[in-house]
Amino acid sequence: MEILIHYVRSIAEFQANPQLIINIPLIYKVHMFCGFTVFLLFPFSRLVHIWTVPLNYVVRPYQLVRSKIRSVV
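Residues numbered from 1 in each chain as written. Predicted model: local features only at pLDDT ≥ 70, side-chain atom pairs only at ≥ 80, totals over all residues. Heavy atoms only, no water.

(A) Structural detail: the overall build of the protein chain. Looking only at helices and strands, the protein chain features two helices and zero strands. The C-alpha radius of gyration computed for the protein chain amounts to 23 Å, which surpasses the reference 11 Å derived for 73 residues by more than 25%, pointing to a less compact arrangement than a globule. For the protein chain, the C-alpha atoms occupy an extent of roughly 70 × 40 × 20 Å along the three principal directions. Looking at the protein chain residue by residue over its 73 residues, the buried ones come to 10%. (Helix = DSSP H or I, 4+ residues; strand = E, 2+ residues; numbered from the N terminus. Rg over C-alpha atoms; globule rule 2.2 N^0.38 Å. Buried < 20%, exposed > 50% of the residue type's maximum accessible area, 1.4 Å probe, protein only.)

(B) Geometry of unusual backbone geometry. For F14, which is not glycine, the phi torsion reads 60 degrees and is therefore positive. Tracing the backbone shows F14 in the loop between α1 (2-12) and α2 (26-41). Its relative accessible area of 79% is what places F14 among the exposed residues.

Rendered as structure tokens:
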């Protein structure tokens with residue numbers, strides 16, 4: 001685990017050192033790949049909406065939702 005901490009730190013410092021993770025098990029590499037993929041795709045997905053806080057939700061006016069009435073033929 002300490003090796004992974006040093007690897008992530010090297011990435012955060014923009015000096016990635018892939019030699020640090022050569023000897024770790026494949027499952028950890030797959031897990032890190034999936035995590036980095038989420039971070040890469042996050043700004044371009046709808047997940048970015050978790051940063052908005054709906055403060056106006058409490059004070060907004062009541063919203064009336066009506067369904068379309070379909071005529072029966």
